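# Structural features, examined
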Amino acid sequence: MVPKESPLAKEIIEDQGFSSDGQIIIAMFPIHRENEAKEKGMGQIAPFSCRNYYKETINRMKLIVKQVAPQLTKKQYRLFSNSRLPEKSLALEAGLGFRGKNSLLINRSIGSRGVLAGMILPGEIKVLEYSPEENDEALSNCGNCRLCEKACPGGAISDEGFCKEKCLQFWTTESGIVPDDIKRNWGSILYGCTICQDICPWNRKIPESRAIDLGALPQGIPLTFLLTAAQEEIKSYFRNSNMGMSWITPRMLQRNAVLCAANEGLSELIPLIEKRLSEAKDPSLEDACRWALKVLKRDQD
Ligand code: B12
Ligand code: SF4
Ligand code: SF4
């Protein structure tokens with residue numbers, strides 16, 4: 001629970017239209033380790049998107065509210081996950097972990113491999129006896145460790161903090177033209193970069209967690225499928241998964257697939273990329289196709 005005296009909690013409670021005795025509870029839901037071997041010709045989906053954790057956490061929180069306060073109507077409480085609220089700061093204040101140099105909230109038991117989700121309840125509901133967790137403030141910013149800073153392919157992590165425009169994850173769902181240095185470091189990501197989490201010592205010894213079924217996707221998606229499928233076909237493939245969100249468009253995924261193909265040196269996909277270019281109808285996809293063709297044809301020479 002976020003302490004009631006927290007100015008941030010007070011501000012959010014008021015902004016969201018709750019009375020001043022409202023309360024915010026925030027939780028971290030572990031992400032299952034996916035173990036599929038990486039194969040050539042496949043665009044990779046990061047484990048946090050191989051299952052629909054955001055929806056699952058919301059569904060579970062709904063059940064909790066039903067149990068502790070069955071009299072509440074939907075309008076009397078709010079559930080959130082991957083929202084526009086400052087979820088990491090709320091989790092920090094609730095004692096769920098400390099601030100990592102990688103700009104993520106790190107919990108002592110499950111590291112940063114967790115999805116944050118919260119609920120705002122009206123004040124008269126008592127869910128927990130609140131006793132603050134161990135204060136992890138001393139661990140903030142990770143001491144002398146710089147592993148994530150060194151490993152980040154885009155150079156997004158530095159002493160100045162986190163720069164989202166240099167983060168590959170930002171570009172996987174950004175509709176603009178991808179900068180060339182990001183294109184060159186793209187690797188085989190279709191959606192979701194986890195390099196700054198994979199390298200982090202806090203994520204090495206986390207306990208195994210059970211997989212959930214909701215929105216399950218394989219870790220690798222054939223690039224040939226993404227390069228040949230119609231927009232509607234791609235949409236329906238990802239529907240109800242973590243990647244079915246409205247802002248992740250089929251054209252963005254095709255652009256990401258083109259960047260994967262170039263980074264993997266898959267010159268056999270040149271004809272499919274040429275066809276995509278001729279039908280692109282999107283500046284970012286067009287730009288990616290031109291760049292990929294240049295890279296792949298140069299490699300062939
Ligand atoms: C937009 C977004 C992104 C953007 C920009 C992220 C950024 N750091 O600015 C992009 C696409 C780059 C991104 C990438 C990723 N994201 Co993201 N993202 C979000 C989202 C949806 C909104 C963030 C936002 O703008 N909030 C509004 C502003 C006002 O709040 P804020 O970002 O928290 O910042 C405020 C404060 O919290 C504080 N603050 C800033 N940074 C930090 C860091 C810490 C640790 C703390 C305590 C406070 C703090 O300063 C700000 C001023 O008030 C959040 C969900 C959420 N609501 O937090 C997920 C979220 C932050 N993302 C998450 C994750 C896991 C990722 C990725 C690892 C995804 C992936 N696997 O590919 C990468 C990691 C990149 C990185 N190293 O940060 C998780 C983080 C979980 C955790 N353990 O911390 C969140 C919380 C989603 C969730 N519900 O689980 N993300
Ligand atoms: S998600 Fe990837 S690109 Fe973004 S900060 Fe982490 S390592 Fe860097
Ligand atoms: S890799 Fe090191 S510096 Fe980066 S978040 Fe983890 S402990 Fe902190």
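Predicted, not measured: the structure shown is a model, and the values here were computed from it.

### A closer look at the packing of helix H11 (residues 270–278) against helix H12 (residues 283–300)
Helix-helix packing: each pair is described by the crossing angle between the helix axes and the interaxial distance. H12 packs onto H11 with a crossing angle of 150° between their chain directions and a minimal axis gap of 9 Å. As judged from the angle between their axes, H11 and H12 are roughly antiparallel. H12 is crossed by H11, and the crossing has left-handed handedness. On H12, the residues that touch Ile270, Ile273, Glu274, Arg276 and Leu277 of H11 are Leu285, Glu286, Cys289, Arg290, Ala292, Leu293 and Leu296. Taken together, the residues that form the contact of H11 with H12 break down as eight nonpolar, no polar and four charged.

### Things to note about the site of ligand 2
Around ligand 2, the surrounding shell consists of Cys152, Pro153, Gly154, Ala156, Ile157, Cys167, Leu168, Gln169, Cys193, Ile195 and Cys196. Sorting the residues of the shell around ligand 2 by element identifies helix H5 (168–172) and helix H7 (195–198) as the ones contributing at least two each. Its residues assigned to classes, the shell around ligand 2 comprises nine nonpolar, two polar and no charged.

### Side note on the domain arrangement of the protein chain
Each assigned domain of the protein chain is listed here: domain 1 (7–33 + 51–142) and domain 2 (164–192 + 219–300). Placing the centre of domain 1 and that of domain 2 at their C-alpha centroids yields a distance of 34 Å.

### Regarding the site of ligand 3
Taken together, the neighbourhood of ligand 3 is formed by Gly100, Lys101, Asn102, Cys142, Cys145, Arg146, Leu147, Cys148, Ile199, Cys200, Pro201 and Trp202. Its residues assigned to classes, the shell around ligand 3 comprises eight nonpolar, two polar and two charged.

### A few points about helix H10 (residues 250–263)
Here H10 is 14 residues long and its end C-alpha atoms lie 20 Å apart, about the 20 Å a rise of 1.5 Å per residue gives. H10 sits mainly inside the fold: 12 of its 14 residues count as buried. Listing the buried residues of H10 in full gives Pro250, Met252, Leu253, Gln254, Arg255, Asn256, Ala257, Val258, Leu259, Cys260, Ala261 and Ala262. Looking at the residues trailing H10, positive phi occurs at Gly265, about 65°.

Cut-offs and rules
Residues numbered from 1 in each chain as written. Chains lettered and ligands numbered in written order. Predicted model: local features only at pLDDT ≥ 70, side-chain atom pairs only at ≥ 80, totals over all residues. Axes fitted to C-alpha atoms, helices over the stretch in contact; angles between N-to-C directions. Helix = DSSP H or I, 4+ residues; strand = E, 2+ residues; numbered from the N terminus. Parallel < 35°, antiparallel > 145°, perpendicular 65-115°, else oblique. Left-handed = near helix turned anticlockwise from the far one by under 90°. Contact = placed C-beta atoms within 7 Å. Nonpolar A, V, L, I, M, F, W, Y, C, P; charged D, E, K, R; others polar. Near = placed C-beta within 6 Å. Domains from an automatic or database assignment. Expected span 1.5 Å × (residues − 1). Buried ≥ 20, exposed ≤ 12 C-beta atoms within 10 Å, placed from the backbone.

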